[in-house]
2 protein chains.
Amino acid sequence: MNAHVSSTTDPLAGYRKAAVIGGGVIGISWAGLFLAHGLDVVVSDPRPDAEEQVLAGLAEIAPALAELGLLTEDLTSRLRFEPDLARAVADADIVQENGPERLAVKQEIWKAVEQAAPDRALLATSTSGIPATAIAEAMRQPERLVVGHPFNPPHLVPLVEVVPGERTSAQTLRRAHAFYTALGKKPQILRKEIPGFVANRLQSALFRECVHLVAEGVVTEAELDEIVTDSIGLRWAAAGPFRTFHLGGGPGGLPHFLRHLGRAMEEAWPGLGSPAFDAATVARLTEQAEQAFGNAPVGELAARRDRAQIALMRALAKTPDTNARA
Amino acid sequence: MNAHVSSTTDPLAGYRKAAVIGGGVIGISWAGLFLAHGLDVVVSDPRPDAEEQVLAGLAEIAPALAELGLLTEDLTSRLRFEPDLARAVADADIVQENGPERLAVKQEIWKAVEQAAPDRALLATSTSGIPATAIAEAMRQPERLVVGHPFNPPHLVPLVEVVPGERTSAQTLRRAHAFYTALGKKPQILRKEIPGFVANRLQSALFRECVHLVAEGVVTEAELDEIVTDSIGLRWAAAGPFRTFHLGGGPGGLPHFLRHLGRAMEEAWPGLGSPAFDAATVARLTEQAEQAFGNAPVGELAARRDRAQIALMRALAKTPDTNARA
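Residues numbered from 1 in each chain as written. Chains lettered and ligands numbered in written order. Predicted model: local features only at pLDDT ≥ 70, side-chain atom pairs only at ≥ 80, totals over all residues. Heavy atoms only, no water.

(A) Expanded view of the UniProt feature "domain: 3-hydroxyacyl-CoA dehydrogenase C-terminal" (unreviewed entry) in chain A. According to UniProt, the positions carrying the feature "domain: 3-hydroxyacyl-CoA dehydrogenase C-terminal" (unreviewed entry) are residues 196-261 of chain A. The span residues 196-261 of chain A carries 76% helix and 0% strand; its end-to-end C-alpha distance comes to 29 Å. (UniProt positions renumbered as here; feature names shortened; annotations may be inferred. Helix = DSSP H or I, 4+ residues; strand = E, 2+ residues; numbered from the N terminus.)

And the structure:
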C-alpha cells in the first residue's frame, strides 16, 4: 500500500508506480530511492540475472537509504521484474530509463515506451550525455521526454540535471523538477542542451588538469586527492565556484575579483595542461591507483566515502542559510 | 606565557615567536592561528593603519578560531607591531611572509629578513604563485626559503602547499611540513615547482569551464554554484578526483575506468570552453553576481560559508577512515 495515495497535498501524490528500465548501478539506485519513498517499482532488464543483480544491489544500498532517514523495511515487497518493456511501463506514472549509452538503443527503447506507457506518465532518461533531442527523434510526442541525469549514485548525491530537448515541453520540465524535488533531490533545469551537461563537464575540466599534474610528476594521485579534499573540495561543498570567488573579492565581491585577478587568470589558462591517456600516462595512473587505493575492495572504499558524504549532507542541512539565494 | 615552552615532545616546542610580514587578509589569518596556538606574534607592515586593520581582522576571525577548538582568550596579549622589518624578525623562530605578489618586492623583503633573522628561523613565503627559486635569487642561503602557500583563509582551510625552490633544502621542507602539521594544518609537499602550484591550477581549470557555461547561457552563476555544491563539491569534500573515479570504476577501480571511459573523456576535452573575460562576459558575470549574492554584505556571506565549512570539517573528523591511504 502506497503511503502517498491518500494525501492530495503530497508532491508525490500523482506517482504510485515507477518503471525503471535497466537494472545496472544507476537503475538499482533509482529503484531503491523510489521504493524507499513508497512507490511501487517495476524493473525491466532483459538480462537473465537482472533480478539477482538488482536484489543484491538493493541490499547493498539499503543502509545508506536508512541513513538518509528513508523507510527501508520490506523494501522489495513493492518491487517486481518484467523483462518485457511494454508490459513493464503499461501502468507507470514515471518511467526512468537507464539503458546503455548508445543513441540507437535509447531511440528504440523510447519508441516502444511511448507506445505502451499511459499518457500521464513522466518520461525521463538518465543519459549522462546524449541529448534528449536526439533520443526523441523517433518519438511521436517528443515533448514528453526529458533528461533526468543523476550524479552517481542517484540515491545519495542530491543533484539531478533536468535537461530539455529542443521539443521538450515546459510542462514536462516542471513535472520532472517537481518529481525529483519530492524525492528529496536537488534538480537543476539547464537552459540549453550541451554535450556532457554541466557537472560532468566541470568534473572533466578539473580532471584534465589532475591528469596533467600527475603525469608531470608534480604530485601523486593520493597527494592530489588530499589537496582537493583539504581545500577546494571542502570549499565547494559549502559554496560553489562563483560564490567562492565572490567571497574572495572582499567587500567588492566577484566584480572586484574579476577586475583585479581576471586578467591574470585568463593569461594563465593556456598554461594549463593538455594531457593524453597515452600508454605511459595510463601506466603511471594505474600504478599509483594500486598504491593509493589497493588496500581495500572498491565496494568497501565506496561505503566509507558514502558514510562520509551522508555525514557532510547532515552537517550542511544544519547550516541551511549558507547558500541562500538573493 | 607560551603554553608550549616546557614540553619537549610538543611539535611546536621549537616555535615560540612568529614574525608575520604583511598585515593583510592572509597575514591576519596566519597571525590569528599562531596566536591561538600560543605563539608570540610580531606583525610587520609599513602601512600606518596596519595595527588598526589587524586588530579588527583578528576580532573578526576569533569566533571561527574558537569554533575550531583553539584558545582565543587574550588573543592579542602576545601580539605586537613592528614596522621595521629587521627588528620584527630579529628573534623569530618562524617568519611567514605575506607581502605583495611582486617578485622584486619579495626579493627585497627576503634579502633583509635573511640578514636579520636568527639562523634557527624557519623562513616561509605565502606566495600563491611566485616560485621560491626566483624569490631566493638574492638570498645568500636560498636553501632556507620555502613556499608555505595557504588556501585562503589559512586559519580555516586545512591545506598548505609546501613548495621547494630548486635550492630549498630537504631539512627546510621537513621543518615546514612539521610546523604546519603542528598547527593542525594539512601540508602537502609538492615534488616540483609549477606556476600556480596545484590547488589554484585545479580551481582555475574548473572555473574556466564555469565561465564558459555561464557565458553560453547554459546556466546562471547561482544555478552552477548549486550544481557544484550538490554534486562534485560534496563528492570532492569526501574523496578526491582520482578516488572518485576509482570508486566509479566498479570492482576494477580506476584502471577499469580509464580503459572504458578514458578515451571518451579525452575526446571530449577539446570541446571544453575557452572563454575570455571580454566586456560582454564580465558584464554578464557582474550582473549575475549582483542577482545571486547581492542580498547581503560579503563579510556576512563569508561568515555563513565559514560556519558551514567548520561543520563539514567536524563531520569529516568523525569519519576518519574515509581517505585512509594504503
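(B) Quick look at the interface of chain A and chain B. On the side of chain B, 105 residues touch chain A, which itself brings 105 residues to the contact. Taken over both partners, the interface formed by chain A and chain B buries close to 10,700 Å², and the fraction arising from carbon and sulfur atoms is 70%. It is A:Arg235, A:Phe242 and A:Trp269 in chain A that bury the most area against chain B; as a group they hold 8% of the surface buried on that side. Where chain A packs against chain B, one counts eight salt bridges. Across the pair A:Glu223 and B:Arg191 runs a salt bridge, and its minimum N-O distance is 2.5 Å. The tally of links between chain A and chain B comes to 28 residue pairs in polar contact (both at pLDDT 80 or more). (Contact = heavy atoms within 4.5 Å. Buried area = accessible area lost by both parts, 1.4 Å probe. Salt bridge = Lys/Arg side-chain N within 4 Å of Asp/Glu carboxyl O. Polar contact = N/O pair within 3.5 Å; in protein donor to acceptor, adjacent residues only side chain to side chain.)

(C) View of the pattern of salt bridges. In total, this model carries 30 salt bridges over all chains according to the counting rule given. For B:Arg47, the salt bridge identified is with B:Asp45, shortest N-O distance 3.3 Å. Overall, the relative accessible area of 10% leaves B:Asp45 in the buried class. Connected via shared salt-bridge partners are A:Lys17, A:Asp91, A:Asp93 and A:Arg120. (Buried < 20%, exposed > 50% of the residue type's maximum accessible area, 1.4 Å probe, protein only.)

(D) Structural view of the sheet that holds strand β3 (residues 79-81) of chain B. Residues and elements named next belong to chain B. Strand order in the open sheet made by the eight strands is β3-β2-β1-β4-β5-β6-β7-β8, with mixed pairing throughout. Every interior strand has two partners, whereas the edge strands, β3 and β8 (186-189), have only one. Within this sheet the neighbouring strands show an average axis-to-axis angle of 25°, counted without direction. The pairing of strand β1 (residues 17-21) with strand β4 (residues 94-97) spans four bridges and is classified as parallel. Residue pairing in the sheet places Ile21 in a bridge with Glu97 of β4. (Pairing = 2+ DSSP bridges. Axes fitted to C-alpha atoms, helices over the stretch in contact; angles between N-to-C directions.)

(E) Up close: the side chain of B:Asp230. With respect to the element layout, B:Asp230 can be found in the loop between α8 (221-229) and α9 (232-238). Among all residues touching B:Asp230, those that are not within four sequence positions of it are A:Val157, A:Pro158, A:Leu159 and A:Lys186.

(F) Structural detail: the domain arrangement of chain A. Residue and element names in this part refer to chain A. What the domain assignment reports for chain A is domain 1 (17-189) and domain 2 (199-317). Contact with domain 1, which involves 11 residues of that partner, is made by eight residues of domain 2. Counting the surface lost from both domain 1 and domain 2, the interface buries some 840 Å², and carbon and sulfur atoms represent 60% of this. Its largest share of buried area at the contact with domain 2, domain 1 owes to Glu67, Phe151 and Leu156, together 55% of the area lost on that side. Where domain 1 meets domain 2, there are one salt bridge. Note that Glu67 and Arg314 form a salt bridge whose closest N and O atoms lie 3.4 Å from each other. Here domain 1 is connected to domain 2 by three residue pairs in polar contact (both at pLDDT 80 or more). Listing elements by their share of the side of domain 1 that touches domain 2, those giving two or more residues are α2 (50-67) and β7 (159-164). Residue composition of the side of domain 1 that touches domain 2, grouped by class: seven nonpolar, two polar and two charged. (Domains from an automatic or database assignment. Nonpolar A, V, L, I, M, F, W, Y, C, P; charged D, E, K, R; others polar.)

(G) Just the environment of A:Asp74, in detail. Residues and elements named next belong to chain A. Examined against the element boundaries, Asp74 turns out to sit in the loop between α2 and β3 (79-81). The exposure class assigned to Asp74 is exposed, which follows from its relative accessible area of 56%. Sequence separation of Asp74 and Leu224 is 150 residues, and the distance between their C-alpha atoms is 42 Å.

(H) Region of interest: the relation of the copies chain A and chain B. For the match of chain A to chain B, the screw axis carries a shift of 0.0 Å, the RMSD comes to 0.0 Å, and the turn is 180°. One copy is carried onto the other by what is essentially a two-fold rotation axis. Of the interface residues in chain A, 100% have counterparts in chain B that sit at the interface too, so the contact is made through matching surfaces. (Least-squares fit on C-alpha atoms with pLDDT ≥ 70 in both.)

(I) Representation of the sheet that holds strand β2 (residues 40-44) of chain A. All names here are of chain A. Pairing is mixed across the open sheet formed by eight strands, whose spatial order is β3-β2-β1-β4-β5-β6-β7-β8. At either margin of the open sheet sits one strand with a lone partner, and together these are β3 and β8 (186-189). Ignoring strand direction, the axes of neighbouring strands in this sheet form an average angle of 25°.

(J) Quick look at the packing of helix α13 (residues 298-317) of chain A against helix α10 (residues 241-248) of chain B. Look at α13(A) against α10(B): their axes get within 9 Å of each other, and the N-to-C directions meet at 125°. With respect to their mutual orientation, α13(A) and α10(B) come out oblique. The handedness of the crossing between α13(A) and α10(B) comes out as left-handed. For the pair α13(A) and α10(B), the contacting residues are A:Val298, A:Leu301, A:Ala302 and A:Arg305 in the first and B:Arg243, B:His246 and B:Leu247 in the second. In terms of residue class, the contact of α13(A) with α10(B) is made up of four nonpolar, one polar and two charged. (Parallel < 35°, antiparallel > 145°, perpendicular 65-115°, else oblique. Left-handed = near helix turned anticlockwise from the far one by under 90°.)

(K) Spatial organisation of the pairing of strand β1 (residues 17-21) of chain A. Residue and element names in this part refer to chain A. Judged by how many residues are buried, β1 sits mostly within the fold: four of five residues are covered. As defined by bridge partners, β1 adjoins β2 across five bridges and the pair is classed as parallel. When the bridges of β2 are listed, Ala18 appears paired with Val41. With respect to chirality, the unit in which β1 leads through helix α1 (residues 25-36) into the neighbouring parallel β2 is right-handed. (Right-handed = clockwise from strand over helix to strand, strands pointing away.)

(L) Inspection of unusual backbone geometry at higher detail. That bond from A:Asn152 to A:Pro153 is cis: its omega, -5°, falls within 30 degrees of zero. Mapped onto the fold, A:Pro153 is located in the loop between β6 (145-150) and β7. For B:Phe197, which is not glycine, the phi torsion reads 55° and is therefore positive. As for its placement among the helices and strands, B:Phe197 is situated in the loop between β8 and α7 (199-215).

(M) A look at the nonpolar core. Ranked by internal contacts, the top residues of the largest apolar core, which has 123 residues, are A:Val95, A:Val113 and B:Val95. Beyond its immediate sequence surroundings of up to four residues, A:Val113 is in contact with A:Ile21, A:Leu85, A:Val89, A:Val95 and A:Leu123. Grouped together as the second largest cluster of nonpolar side chains are 34 residues, A:Ile28, A:Ala62, A:Leu65 and A:Leu75 included. (Core = buried A, V, L, I, M, F, W, Y, C linked by side-chain atoms within 4.5 Å.)

(N) Here's a closer look at the packing of aromatic side chains. Counted under the stated rule, the structure contains 19 aromatic pairs over all chains. Measuring from centroid to centroid gives 5.3 Å for A:Phe277 and B:Trp269, while their planes differ by 35°, and the two rings are tilted. Within this pair, whereas A:Phe277 is found in the loop between α11 (253-268) and α12 (279-293), its partner B:Trp269 is found in the loop between α11 (253-268) and α12 (279-293), the two belonging to separate chains. For the residue pair A:Phe277 and B:Trp269, the accessibility class agrees, reading buried in each case. On the basis of an interplanar angle of 55° and a centroid distance of 5.7 Å, the ring pair of B:Phe34 and B:Phe179 is categorised as tilted. Pair noted here: B:Phe34 is in helix α1 (residues 25-36) and B:Phe179 is in helix α6 (residues 170-182), with a separation of 145 residues, a long-range link. What makes B:Phe34 buried here is its relative accessible area of 0%. Among the aromatic side chains, those forming a connected cluster through ring pairs are A:Tyr15, A:Trp30, A:Phe34, A:Phe179 and A:Tyr180. (Phe/Tyr/Trp six-rings, centres within 6.5 Å; stacked < 30°, edge-to-face > 60°.)

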